[in-house]
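Here is how the chains run, residue by residue.
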Amino acid sequence: MKLWRFSLSLSFRGAERRGISALSRERSLAPLGMTGTVAAAIGLFLSVPLCAAEPAAVTVIRAGTLIDGKSSTPRRDQVIVVRGNRIESVGDAASAKIPEGAAVIDLSRATVLPGMIDAHTHIFLQGEDPAEGGYDVQLLKYPLAFRAARAAVSAHRALEQGFTTIRDVETEGAGYGDVGIKQAIDGGYIPGPRMFVVTRAISTTGGYNLEGYAPEIEVPKGAQIVDGPVEARKAAREQLDHGADWIKVYMTHRSWVDAKGDLVSQPTLTLDEIKAIVDEAHGWGKKVACHAYGGIGLRRALDGGCDSIEHGLDLDDASIAQMVKQGTWLCPTMSVYYDHNAPENTPAGQRDRKRVALHGPSLRKAYKAGVKIAFGTDVGGFSWNDPIAREFPRMVEFGVPPMAAIQSATSKAAEMLGMSGQLGVVAPGAYADVVAVTGDPLADVKVLEKVFFVMKDGKVFRNEPERVAR
Ligand SMILES: [Zn+2]
């Protein structure tokens, strides 16, 4: 019965979306052989309990320790009341009133946190080993349906690791596939996190892969290529029109170590080009994420009004000061740069080591100066089988205290996404996105790699209490 009702209500939602009347849709659901009138009558009868507002399910979570995503200190023995898909109240267990008939989830031996946010993911990448064809085979050999199927698995992986929201920053040649995966998650067809998507991303001629092929052969590009402010604005319009929640722009591309031993990054879009994109996106009430390592491209990104700098692994003092002044977010993604580095005695190997050497100190300086930090990992750039939360120890290693690192993946990332109070916090009125770990993440952030309980939108997606007993 439950299943039948569920499938009916799904049909209703789909029918409404397509502008089909609920009645005619129900006729098509009637068993064969029924007359239209009888079927319609049964359809109406069946639809009564669906249309009547059912009381929202109430769940109570007992939290041994609560890190709420916003407060600077954890609280002991809390009770979280969830009604439907929202948090209704949070309070001391001693004085809390448990609503009658509520389902109780006992996490009294665990640390409970808001569902985490990874603000830099790529569900359409799988951490390809360069030795196995690397990035290029994704675009050259795999049908889109194959890539979409794997993207669905990646989204599932994010959710089961406690990342209930992701900002997925481009599909790498898979077009508007991220919009489709997001629709499938929101429609309840596949499990996954809440998604903020950027679709295709934008760079310039000579500013993105695939490259290195004979000039006579036209190869696909992983981003939408534009030249000139008119094309730049048009690409932003197209992407926003097709469902982009953010615009992603590559402001630097190639990088190398010069004769002085400094990292140099090739700039891509001109100031006029990035300004056209930012102006267009802001007009739609949307924001712009800019991939930029350092140098000219980073300066253009900041002068052009970018909302977040992605990676920002080579930040000078002037850029940091400008980010503080403009309120620009930094989304560092450190751990991915430790993977698959080229041999040390090659130009690429020197570059790879220089990137690692600069990234941590850049984050340390930026955090100290008061730059706003949003947690991001570039997962997809590394395998979805690796723990996403492996980024936390890197942040702590470079001067971000554990509580600030956790907040960068909760309330701070939510603020960047324009979702303050809704996401990244365990507080009344927020979406009921809640996770739990064993142990104290403030003493050891690595425990965030072992999330054993995940609730998204008030529904329990994962609960493996045996981890608590260990
Ligand atoms: Zn990335």
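Residues numbered from 1 in each chain as written. Predicted model: local features only at pLDDT ≥ 70, side-chain atom pairs only at ≥ 80, totals over all residues. Heavy atoms only, no water.

### Some points on unusual backbone geometry
Okay, so step 1: In the segment running from Asn209 into Leu210, the intervening peptide bond is cis, with an omega of 5°.
Okay, so step 2: The residue Leu210 is located in the loop between β8 (202-203) and β9 (224-225) in this model.
Okay, so step 3: In this structure, Thr199 takes a positive phi of about 65° despite not being glycine.
Okay, so step 4: With respect to the helices and strands, the residue Thr199 is situated in the loop between β7 (194-197) and β8.
Okay, so step 5: The backbone phi angle of His340 is positive, close to 50°, even though this residue is not glycine.
Okay, so step 6: Inspection of the secondary structure assignment puts His340 in the loop between β15 (329-331) and α11 (347-369). (Helix = DSSP H or I, 4+ residues; strand = E, 2+ residues; numbered from the N terminus.)

### Details of the side chain of Lys248
Okay, so step 1: When you line up the elements, Lys248 lands in strand β10 (residues 246-250).
Okay, so step 2: The buried charged residue Lys248 lacks any salt bridge partner; its closest oppositely charged side chain belongs to Glu170, at an N-O distance of 5.0 Å.
Okay, so step 3: For Lys248, the side chain forms a polar contact with the main-chain oxygen of Val169, separated by 3.1 Å.
Okay, so step 4: Discounting residues that sit within four places of it in the chain, Lys248 has contacts with His120, His122, Val169, Glu170, Val198, Ala201, Ile202, Ala289 and His291. (Buried < 20%, exposed > 50% of the residue type's maximum accessible area, 1.4 Å probe, protein only. Lys, Arg positive; Asp, Glu negative; His and termini not counted. Salt bridge = Lys/Arg side-chain N within 4 Å of Asp/Glu carboxyl O. Polar contact = N/O pair within 3.5 Å; in protein donor to acceptor, adjacent residues only side chain to side chain. Contact = heavy atoms within 4.5 Å.)

### Structural notes on the pattern of salt bridges
Okay, so step 1: In total, this model carries 20 salt bridges according to the counting rule given.
Okay, so step 2: Between Asp457 and Arg194 there is a salt bridge, with its nearest N and O atoms 2.8 Å apart. Of this pair, Asp457 sits in the loop between β18 (451-456) and β19 (459-463) while Arg194 sits in strand β7; the two residues are 263 residues apart in sequence, bridging distant segments of the chain.
Okay, so step 3: For Asp457, a relative accessible area of 22% gives the class partly exposed.
Okay, so step 4: Of the residues examined, Arg194 reaches a relative accessible area of 15% and is grouped as buried.
Okay, so step 5: One salt bridge connects Arg254 with Glu211, and the closest N-O pair in it is separated by 3.3 Å. With a gap of 43 residues between them, Arg254 in strand β11 (residues 252-257) and Glu211 in the loop between β8 and β9 connect regions that are remote in the sequence.
Okay, so step 6: A relative accessible area of 37% means that Arg254 is categorised as partly exposed.
Okay, so step 7: Among the ionic contacts, a cluster of salt bridges with common partners joins Arg233, Arg237, Asp279 and Glu280.

### Here we look at the coordination of the zinc ion
Okay, so step 1: Ligation of the zinc ion by protein atoms is provided by His120 (NE2), His122 (NE2) and Asp378 (OD), these donors lying 2.1 to 2.3 Å from the ion.
Okay, so step 2: Donor residues binding the zinc ion come from one chain and are separated in sequence as H-x1-H-x255-D. Of the two residues, His122 sits in the loop between β5 (116-121) and α4 (136-141) while Asp378 sits in the loop between β16 (372-373) and α12 (391-397), which places them 256 residues apart along the sequence. Taken as a pair, His122 and Asp378 share a single burial class, namely buried. (Donors = N, O, S within 2.8 Å, 3.2 Å for Na, K, Ca; no water.)

### Topic: the packing of aromatic side chains
Okay, so step 1: What the rule picks out here adds up to 6 aromatic pairs.
Okay, so step 2: Taking 4.8 Å as the distance between ring centres and 55° as the angle between the ring planes, the aromatic pair formed by Tyr142 and Phe146 counts as tilted.
Okay, so step 3: For Tyr142, a relative accessible area of 30% corresponds to the partly exposed category.
Okay, so step 4: Judged by centre distance (4.5 Å) and plane angle (45°), the rings of Tyr208 and Tyr250 are tilted. Residue Tyr208 is found in the loop between β8 and β9, and its partner Tyr250 is found in strand β10; the two are separated by 42 residues along the sequence.
Okay, so step 5: For Tyr208, a relative accessible area of 9% corresponds to the buried category.
Okay, so step 6: We note Arg86 situated over the ring of Tyr431; from NZ or CZ to the ring centre the distance is 3.9 Å.
Okay, so step 7: Over the ring of Tyr431 we find Arg194; its NZ or CZ atom is 4.2 Å from the centre of that ring. (Phe/Tyr/Trp six-rings, centres within 6.5 Å; stacked < 30°, edge-to-face > 60°. Lys NZ or Arg CZ within 6 Å of the ring centre and 35° of its normal.)

### Some words on the sheet that holds β5
Okay, so step 1: One open sheet accounts for 3 strands, arranged β5-β6-β7; its pairing is parallel. With partners counted over all chains shown, the strands left at the sheet margins are β5 and β7, one partner each. Averaged over neighbouring strand pairs, the angle between their axes works out to 15° when direction is ignored.
Okay, so step 2: The pairing of β5 with strand β6 (residues 163-168) spans 4 bridges and is parallel. Of the residues in β6, the one forming a bridge with Asp118 is Ile166. (Pairing = 2+ DSSP bridges. Axes fitted to C-alpha atoms, helices over the stretch in contact; angles between N-to-C directions.)

### Quick word on the packing of helix α7 (residues 229-241) against helix α8 (residues 271-283)
Helices that pack against each other are described as a pair by the angle of their axes relative to one another and the distance between those axes.
Okay, so step 1: As a packed pair, α7 and α8 sit with axes 8 Å apart at the nearest point and diverge in direction by 30°. One finds that α7 runs roughly parallel with respect to α8. Note that α7 runs across α8; the crossing there is right-handed. Mapping the contact onto sequence places Pro229, Ala232, Arg233, Ala236, Arg237 and Leu240 in α7 and Asp272, Glu273, Ala276, Ile277, Asp279, Glu280 and Ala281 in α8.
Okay, so step 2: Residue composition of the contact of α7 with α8, grouped by class: 7 nonpolar, no polar and 6 charged. (Parallel < 35°, antiparallel > 145°, perpendicular 65-115°, else oblique. Left-handed = near helix turned anticlockwise from the far one by under 90°. Nonpolar A, V, L, I, M, F, W, Y, C, P; charged D, E, K, R; others polar.)

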